[in-house]
Amino acid sequence: MSTRTLAELAVELGGQVVGDGSVVIRGVAGIREALAGDVTFLANARYEGYLAETRASAVICDRAPRLATVPLLQVDHPYLAFQKAVRLFRPELYQPLPGVHPTAVVSPAAKIGDGASIGPHCTVELGATIGAKAVLMAGCYVGVQASIGEGCLLYPRVVVREECVIGDRCIVHAGAVIGADGFGFAFDAGRYHKVPQVGNVVIGDDVEIGANTIDRATTDSTRVGDGTKIDNLVQIGHNVIIGEHCIIVAQVGISGSTELEDFVTIGGQSGIIGHVKLGKGMQVGAQSGVSKSWPAGTTVFGTPAAPLSLFKRINAYLQRLPQLFDRTKTLEGRVAKLEESQKESLR
């Protein structure tokens with residue numbers, strides 16, 4: 001295992017040491033789990049209190065002045081710097097060898113780029129293209145006329161169905177399915193008839209896709225823009241258009257023909273109804289249900305989703321419902337007594 005002094009690490013990360021730069025760093029860990037010899041990071045104000053408690057030998061943080069019992073490595077972007085430190089101390093274990101594994105089945109009509117690695121039991125169908133230095137780990141399937149860009153990494157058992165396109169430098173995690181049939185059925189004569197899904201999926205460059213499913217379009221393309229990051233357990237329906245640099249967190253469902261403009265963020269367990277448009281830079285809070293279009297820059301929360309300020313007011317009222325119910329019962333009792341008293345006076 002490689003070691004570095006904090007001063008040496010600062011040079012590699014472009015930071016400045018506050019405290020003892022001779023401290024030896026042997027590994028990386030979270031601020032609560034770190035032990036002596038580890039470097040950790042502080043990028044969220046909610047964890048500021050742990051700075052006095054951490055057992056780490058050093059903390060990567062921003063350049064704001066702060067008191068600490070351990071040396072600090074100040075940088076412009078702590079989270080990004082920590083990611084670089086992770087790779088310094090824990091390099092990738094998997095080092096693929098260029099070439100086609102003997103157990104892989106590759107069509108003679110497929111195109112394999114220079115330096116690409118096709119792992120055990122992969123299948124690459126007729127007319128498919130695998131870009132230079134792309135890596136297909138064990139059990140991946142690339143369908144007819146599908147295309148995988150340069151420098152892509154497909155973890156084991158990824159399925160890229162026919163005619164789907166993945167851009168350059170994308171990461172697709174194990175078990176993901178790109179280009180499954182969209183959910184389309186027509187009801188006639190007492191039963192459902194399948195609507196053919198003859199479109200494809202087009203993924204831009206530098207996209208990361210978790211272990212989930214992106215449906216092919218009924219016609220045309222389901223699209224994911226450059227730089228977008230999609231967590232695990234996300235369902236993206238047919239003909240959805242996702243812009244550039246969007247963030248979609250776990251257990252989100254996006255129904256068909258919905259459009260997300262650039263830089264949209266969707267919190268975990270949210271659901272988006274079909275045929276709506278979310279404007280540029282919009283934010284959807286966790287567990288929200290979006291049932292209509294929203295303009296750029298809006299932040300919404302709740303089900304049905306409402307602007308954050310309105311949601312906070314509604315939530316405050318909901319928290320007071322038990323007290324309001326008790327007050328209502330008290331008032332009903334007082335009204336009943338007044339009515340009884342009035343009846344008595346009329347007798």
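Residues numbered from 1 in each chain as written. Predicted model: local features only at pLDDT ≥ 70, side-chain atom pairs only at ≥ 80, totals over all residues. Heavy atoms only, no water.

**Some details on the pairing of strand β22 (residues 185–188)**
The cut-off we apply is this: The criterion for strand pairing is that DSSP finds at least two bridges linking the strands in question. Secondary structure elements follow DSSP: runs of H or I of four or more residues count as helices, runs of E of two or more count as strands, with numbering from the N terminus.
One ladder, built from 4 bridges, connects β22 with strand β23 (residues 191–194); its direction is antiparallel. Pairing of Ala186 across the sheet is with His193, part of β23. Here β22 folds back onto β23 in antiparallel fashion, the turn holding 2 residues, of which Ala189 has a positive phi close to 55°.

**Considering the pattern of salt bridges**
In plain terms, the rule: One side-chain nitrogen of Lys or Arg within 4 Å of one carboxyl oxygen of Asp or Glu is enough to make a salt bridge. Under the scheme applied here, a residue whose accessible area is under 20% of the maximum for its type counts as buried, over 50% as exposed, and between as partly exposed, the area being computed with a 1.4 Å probe on protein chains only.
Evaluation of the coordinates by the stated rule reveals 11 salt bridges. For Arg66, the salt bridge is made with Asp62, and the minimal N-O distance between the two is 2.8 Å. Asp62 gets classed as partly exposed once you look at its relative accessible area, which sits at 29%. Notably, a salt bridge pairs Asp181 with Arg161, separated by 3.2 Å at the nearest N-O pair. Taken together, the residues Asp181 in the loop between β21 (177–180) and β22 and Arg161 in the loop between β18 (159–160) and β19 (165–166) connect sequence positions 20 residues apart. Overall, Asp181 belongs to the partly exposed group, its relative accessible area being 26%. Several salt bridges share partner residues, and in doing so they unite Arg161, Glu162, Asp181, Lys194 and Arg216 into one network.

**Some words on the sheet that holds strand β17 (residues 153–154)**
Read across the sheet, 12 strands follow the order β8-β11-β14-β17-β20-β25-β28-β31-β34-β37-β39-β40 without closing on themselves; strand pairing throughout is mixed. Every interior strand has two partners, whereas the edge strands, β8 (99–100) and β40 (306–307), have only one. Sheet analysis places β8 next to strand β11 (residues 117–118), joined by 2 bridges and oriented parallel. Bridging from a neighbouring strand, Val100 pairs with Ile118 of β11.

**Regarding the sheet that holds strand β29 (residues 235–236)**
Adjacent strands of a sheet pair through backbone hydrogen bonds, lying either parallel or antiparallel. Reading across the sheet, the 10 strands line up as β9-β12-β15-β18-β21-β26-β29-β32-β35-β38 and stay open at both edges, with parallel pairing between neighbours. Where the open sheet ends on each side, the last strands, each with one partner, are β9 (105–106) and β38 (289–290). For strand β32 (residues 253–254) and strand β35 (residues 271–272), the ladder comprises 2 bridges, and the chain directions are parallel. Within β35, the residue paired with Ile254 across the bridge is Ile272.

**Details of the packing of aromatic side chains**
Each aromatic ring pair is described using two quantities: the centre-to-centre distance and the angle formed by the ring planes. What counts here: Working definition: rings of Phe, Tyr and Trp (its six-membered ring) pair if their centres are within 6.5 Å, and the pair is stacked with planes under 30 degrees apart, edge-to-face with planes over 60 apart, and tilted otherwise. The rule is short: NZ of Lys or CZ of Arg within 6 Å of the ring centre and within 35 degrees of the ring normal puts a charge over the ring.
Under the criterion given, the structure shown has 6 aromatic pairs. Each ring, one from Phe301 and one from Phe311, has its centre 4.8 Å from the other, and the planes form 20°; the classification is stacked. Of this pair, Phe301 sits in strand β39 (residues 299–301) while Phe311 sits in helix α3 (residues 308–319); the two residues are 10 residues apart in sequence, bridging distant segments of the chain. What makes Phe301 partly exposed here is its relative accessible area of 29%. In this structure an aromatic cluster arises from ring pairing among Phe41, Tyr79 and Phe82. The lysine or arginine in question, Arg4, covers the ring of Phe89, its NZ or CZ lying 5.6 Å from the ring centre. Over the aromatic face of Trp294 sits the side chain of Lys292, whose NZ or CZ is 4.6 Å from the ring centroid.

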